[in-house]
Protein chains: 2
Amino acid sequence: MKEAFELDARLHADTWFVADWPLSTLLMMDHAAIPWFILVPRRAGLRELHDLGSDDAAMLARESLVLARAMQAAFEPQTLNVAKLGNIVGQLHLHHVARQPGDPAWPGPVWGVPAERGLEKNEAEDRMQRVLGLVERLG
Amino acid sequence: MKEAFELDARLHADTWFVADWPLSTLLMMDHAAIPWFILVPRRAGLRELHDLGSDDAAMLARESLVLARAMQAAFEPQTLNVAKLGNIVGQLHLHHVARQPGDPAWPGPVWGVPAERGLEKNEAEDRMQRVLGLVERLG
């Protein structure tokens, strides 16, 4: 029997659900100061980018590009961090983080720096709608 | 006149040159404890993954996959970190880091944690030849 995909409990706890895209579930980190989105391919048991089949790899690249362009337009970051780590949560997931000089982790990495404040529901909805609107326009 | 590609001075200082691949220059961080390779697309002025043209994006994905498979076989890491940051060095470059429980930065990110020791020339050559040999076999 094929194992069913189930979102990692820690990813679930730390994020807002945004959308299900063709391959990946799009999540938003509960982090007021830093716009931070995560793509999680809905494939059970996947841990590494290099384990993706070639069709899935191309689709993830496409979803990442669309997300990155929308985040660029929405947040005009100094730079966008795009990263697969997996040290703590083994389930394959790809971070997209809009970085600005002066954000709470700048110029270091964001991972391991706890959010000082999460998002209120209306703030979370505003942020995700802004990105989704740009995905529609730019994607 | 078109701007010529020139490797960022900090990347040059922190790494060993490994090879010029079709799109990217392959570098190895001077870090004894952590196997860490970097792909730098030889395109002047590039800063973001989403600014790559579609042919270059496909080539970088291919080069990254080949490198990742070779690093997986060479180092059998717990997980491979694959990341574009750009907070400190703006020139587009893609990190590939073989992570193991107990490495000096585990389970945190490697960026911003200085290497306790760099590599002797023979160690550096052994490590890069091991990866390049696997690239030939697996690529």
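Residues numbered from 1 in each chain as written. Chains lettered and ligands numbered in written order. Predicted model: local features only at pLDDT ≥ 70, side-chain atom pairs only at ≥ 80, totals over all residues. Heavy atoms only, no water.

1. Brief notes about the overall build of chain A
Item 1. When helices and strands are tallied, chain A shows three helices and five strands.
Item 2. Going residue by residue from the N terminus, the α and β elements of chain A occur as α-β-β-β-α-β-β-α.
Item 3. For 139 residues, the compact-globule estimate of 2.2 N^0.38 gives 14 Å, and chain A sits close to it at 15 Å.
Item 4. Counting only C-alpha atoms and orienting by the principal axes, one finds that chain A spans roughly 45 × 35 × 30 Å.
Item 5. A fraction of 59% describes how many contacts in chain A between residues 6 or more apart in sequence connect residues 24 or more apart.
Item 6. Carbon and sulfur atoms provide 50% of the accessible area of chain A, an area that totals close to 6800 Å². (Helix = DSSP H or I, 4+ residues; strand = E, 2+ residues; numbered from the N terminus. Rg over C-alpha atoms; globule rule 2.2 N^0.38 Å. Contact = heavy atoms within 4.5 Å. Areas by Shrake-Rupley, 256 points an atom, 1.4 Å probe, with all protein chains shown as cover.)

2. Brief notes about the environment of Asp20(B)
All names here are of chain B.
Item 1. Relative to the elements of secondary structure, Asp20 occurs in strand S1 (residues 15–20).
Item 2. Since its relative accessible area comes to 48%, Asp20 is described here as partly exposed.
Item 3. Spatially, the C-alpha atoms of Asp20 and Leu39 are 9.5 Å apart, while their sequence positions differ by 19 residues.
Item 4. For Asp20, the residues in contact, after removing those within four places along its chain, are Thr25 and Arg42.
Item 5. Engagement of the side chain of Asp20 in a polar contact is seen with the side chain of Thr25, the distance being 2.6 Å.
Item 6. Within the structure, the side chain of Asp20 is placed 3.2 Å from the side chain of Arg42, a separation counted as a polar contact. (Buried < 20%, exposed > 50% of the residue type's maximum accessible area, 1.4 Å probe, protein only. Polar contact = N/O pair within 3.5 Å; in protein donor to acceptor, adjacent residues only side chain to side chain.)

3. Points about the relation of the copies chain B and chain A
Item 1. Superposing chain B onto chain A requires a rotation of 180° together with a translation of 0.0 Å along the rotation axis, leaving an RMSD of 0.0 Å. Overall, the copies show the geometry of a two-fold rotation axis. Within chain B, Ala83(B) has its C-alpha nearest the rotation axis, a separation of 2.0 Å.
Item 2. The share of interface residues of chain B whose copies in chain A are also at the interface is 100%, consistent with both copies meeting through the same surface. (Least-squares fit on C-alpha atoms with pLDDT ≥ 70 in both.)

4. A closer look at the layout of surface pockets
Item 1. Taken as a whole, the largest pocket encloses approximately 1000 Å³ of empty space.
Item 2. Forming the walls of the largest pocket are 36 residues, and the residues nearest its centre are Ala57(A), Leu60(A), Ala61(A), Ala57(B) and Ala61(B).
Item 3. Secondary structure elements with two or more residues in the lining of the largest pocket: helix H2 (54–75), strand S4 (79–84) and strand S5 (94–99) of chain A together with helix H2 (54–75) and strand S4 (79–84) of chain B. (1 Å grid on protein atoms, 1.4 Å probe; cavity = no way out; pocket = protein on both sides within 12 Å on 5 of 7 lines; lining within 4 Å. Points joined across faces, edges and corners; volume = space filled by probe spheres on them.)

5. Some words on H2(A)
Since one α-helical turn is 3.6 residues long, residues separated by three or four positions face the same way.
Residue and element names in this part refer to chain A.
Item 1. Relative to the 32 Å expected for 22 residues at 1.5 Å per residue, H2 spans 31 Å between its end C-alpha atoms, a close match to the ideal helical length.
Item 2. Where H2 is concerned, the buried positions are Asp56, Leu60, Glu63, Ser64, Val66, Leu67, Ala68, Ala70, Met71, Ala74 and Phe75.
Item 3. Residues of H2 that are buried sit in contact with strand S2 (24–29), strand S3 (36–41), S4, S5 and helix H3 (121–138).
Item 4. Downstream of H2 by one or two residues, Glu76 has phi in the positive range, about 40°. (Expected span 1.5 Å × (residues − 1).)

6. Things to note about the interface of chain B and chain A
Item 1. Residue-level contacts link 25 residues of chain B with 25 residues of chain A.
Item 2. With both chains or domains summed, chain B and chain A bury close to 2100 Å², and 51% of this area falls on carbon and sulfur atoms.
Item 3. Here chain B is connected to chain A by 22 residue pairs in polar contact (both at pLDDT 80 or more).
Item 4. Breaking the side of chain B that touches chain A down by element, the ones donating at least two residues are H2 and S4 of chain B.
Item 5. For S4(A) and S4(B), the ladder comprises three bridges, and the chain directions are antiparallel. Across the sheet, Val82(A) pairs through a bridge with Lys84(B), a residue of S4(B). (Buried area = accessible area lost by both parts, 1.4 Å probe. Pairing = 2+ DSSP bridges.)

7. Focus: the packing of H2(B) against helix H3 (residues 121–138) of chain B
Residues and elements named next belong to chain B.
Item 1. As a packed pair, H2 and H3 sit with axes 8 Å apart at the nearest point and diverge in direction by 120°. In terms of their interaxial angle, H2 and H3 are classed as oblique. Considering the relative orientation of H2 and H3, their crossing is right-handed. Facing Val66, Leu67, Arg69, Ala70, Ala73, Ala74 and Phe75 of H2, the residues of H3 in contact are Arg127, Arg130, Val131, Leu134, Val135 and Leu138.
Item 2. Class assignment of the residues belonging to the contact of H2 with H3 gives a composition of 10 nonpolar, no polar and three charged. (Axes fitted to C-alpha atoms, helices over the stretch in contact; angles between N-to-C directions. Parallel < 35°, antiparallel > 145°, perpendicular 65-115°, else oblique. Left-handed = near helix turned anticlockwise from the far one by under 90°. Nonpolar A, V, L, I, M, F, W, Y, C, P; charged D, E, K, R; others polar.)

None of the figures reported here should be taken as evidence of function without further support.
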